Amino acid sequence: MMDVDSESTATSLDENTENFCENPTRDTIAEGLMGLIKPTVDQLDERVRATRVSQLELKQCIDGLAEELKKVSEAQQHTVDLEIYLKKLINAKQRVSVLSNILQSAQDRLNKIHMSIDKDTVKRTVLLSNPV
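Bear in mind that the values here come from a model prediction, so they are computed numbers and not experimental data. (Residues numbered from 1 in each chain as written. Predicted model: local features only at pLDDT ≥ 70, side-chain atom pairs only at ≥ 80, totals over all residues. Heavy atoms only, no water.)

Q: So what exactly am I meant to see when it comes to the overall build of the chain here?
A: Scanning the chain for helices and strands turns up two helices and zero strands. Per-residue burial for the chain yields a buried fraction of 0% across its 132 residues. Accessible surface, the chain as shown: approximately 12,700 Å² in total, 61% of it carbon and sulfur. (Helix = DSSP H or I, 4+ residues; strand = E, 2+ residues; numbered from the N terminus. Buried < 20%, exposed > 50% of the residue type's maximum accessible area, 1.4 Å probe, protein only. Areas by Shrake-Rupley, 256 points an atom, 1.4 Å probe, with all protein chains shown as cover.)

See below:
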């Protein structure tokens, strides 16, 4: 004979499953919990979807920005090429300025010579017209 303490009171899994499905209180509690949890899960699922869409849009923006930065980088390389021409243009401008200064100095000297010739011509004319 078995002791009362050694008798098994455990029921099988199948018995508990049957009791769970047939228990209206448990069904009501499960439906209530599902009613509380489902909107949160649906909201979380929607936010995850929105986050994924945002990440995709962000990726597209980053790709577009990378493309623009690549264009700017390429444009800067062309600017470097233009910089060489700019330096050449500045050098040419400096040479033109130097030549302009030389020409201005030559023009000033020519004007002085012209004035000197005019003075000498006037003196000679005066001397020739007034015999002494």
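Q: Just checking my understanding: could you explain the pattern of salt bridges for this structure?
A: Two side chains with opposite charge may pair up if their charged atoms get near one another. Overall, the coordinates contain five salt bridges when judged by the stated rule. In this structure, Asp-42 engages Lys-38 in a salt bridge whose closest nitrogen and oxygen atoms are separated by 2.9 Å. Residue Asp-42 and its partner Lys-38 are both found in helix H2 (residues 24-129); the two are separated by four residues, about one turn of the helix. Owing to a relative accessible area of 38%, Asp-42 belongs among the partly exposed residues under this scheme. The class of Lys-38 is partly exposed, set by a relative accessible area of 46%. (Salt bridge = Lys/Arg side-chain N within 4 Å of Asp/Glu carboxyl O.)

Q: Please clarify how a nonpolar patch on the surface should be interpreted in this entry.
A: A cluster of nonpolar residues, Ile-29, Leu-33, Leu-36, Ile-37 and Val-41, forms a patch on the protein surface that exposes about 480 Å² of accessible area. Examined against the element boundaries, Val-41 turns out to sit in helix H2. (Patch = residues over 30% accessible without salt bridge, like charges linked within 9 Å, V, L, I, M, F, W, Y side chains within 5 Å.)

Q: What is the right way to look at the confidence of the model for the chain in this model?
A: Regions with low pLDDT should not have their predicted coordinates read in detail. When pLDDT is averaged along the chain, the result is 77, and 78% of the positions lie at 70 or above. In the model, residues 1-6 has pLDDT below 50 throughout and makes zero contacts with residues more than four positions away in sequence or in other chains. (pLDDT = per-residue confidence, 0-100. Contact = heavy atoms within 4.5 Å.)

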